[in-house]
Amino acid sequence: MKYILLILLITISVDLSAQQKQFAKDDNGNFIYYQVVDSQSLSKDTLLQRAKSFVNVVQKKTMKAESITDTSVLAKGTMIIDKTILVVGHPSGEVSYNFVFEVRKGKYRFWLTDLLFIPYQRDRYGNFVATTKIGVPLERTPGKLGAGAWKDIVNSTYTKIEKFGEDFKRYLATDRVEKAKKKTETISTKKWE
């Protein structure tokens, strides 16, 4: 009975580890997160306007627009990668990326590429800061000693980027109406009404 449970447990763990999603590679061998979305219900101009709004308003702290044309948006951004041990988590580093959005009639595509990892360490004040300004490409093959930690970083990055992609698609699909700011009324204490 013990051996049957052990074999069952090993089989389930192997199946779960084989199901982890991984980055695809582009023509240059770099990791890429690429999506093409069919959007027949929205016009090209609406999609482009919402993508600009996403970069400039929603993600303004982490992304900076590099180039905006009548069919595309190019931006650079960073995201913090967390390391969680049991319940407590702390940032292990940040990943910088290039974001590209292109739109055509009836569909759009976006991708994140040129992923560079910059590790963090705790400084003398207890804050987590970057150890260097030079990033390490995520597609590099680690040595034997750091292979486990590097795999965790890549998996965590994929999870964060996948969530980013879902948020971006949801933002483009929903109709956001800008709220008009109400004009503030001045209150006069001289007249009683």
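Residues numbered from 1 in each chain as written. Predicted model: local features only at pLDDT ≥ 70, side-chain atom pairs only at ≥ 80, totals over all residues. Heavy atoms only, no water.

### Notes on the environment of Phe128
Assignment of secondary structure puts Phe128 in strand E7 (residues 128-130). Judged by its relative accessible area of 25%, Phe128 falls in the partly exposed class. When the C-alpha atoms of Phe128 and Pro91 are compared, they prove to be 7.0 Å apart, with 37 residues separating the residues in sequence. Beyond its immediate stretch of four places on either side in the chain, Phe128 contacts His90, Pro91, Tyr120, Gln121 and Arg122. (Helix = DSSP H or I, 4+ residues; strand = E, 2+ residues; numbered from the N terminus. Buried < 20%, exposed > 50% of the residue type's maximum accessible area, 1.4 Å probe, protein only. Contact = heavy atoms within 4.5 Å.)

### Topic: helix H2 (residues 44-58)
Helix length check: H2, at 15 residues, gives a terminal C-alpha distance of 20 Å against a target of 21 Å (1.5 Å per residue), a fit within 8%. Buried residues of H2: Leu47, Leu48, Arg50, Ala51, Ser53, Phe54 and Val55, and no others. (Expected span 1.5 Å × (residues − 1).)

### A short note on the pattern of salt bridges
A full pass over the atoms with the stated rule returns five salt bridges. Close ionic contact of Lys163 with Asp167 constitutes a salt bridge, the shortest N to O distance being 3.0 Å. You can see Lys163 and its partner Asp167 sitting in helix H3 (residues 147-173), four residues apart, about one turn around the helix. Owing to a relative accessible area of 26%, Asp167 belongs among the partly exposed residues under this scheme. For Asp167, the salt bridge identified is with Arg170, shortest N-O distance 3.1 Å. (Salt bridge = Lys/Arg side-chain N within 4 Å of Asp/Glu carboxyl O.)

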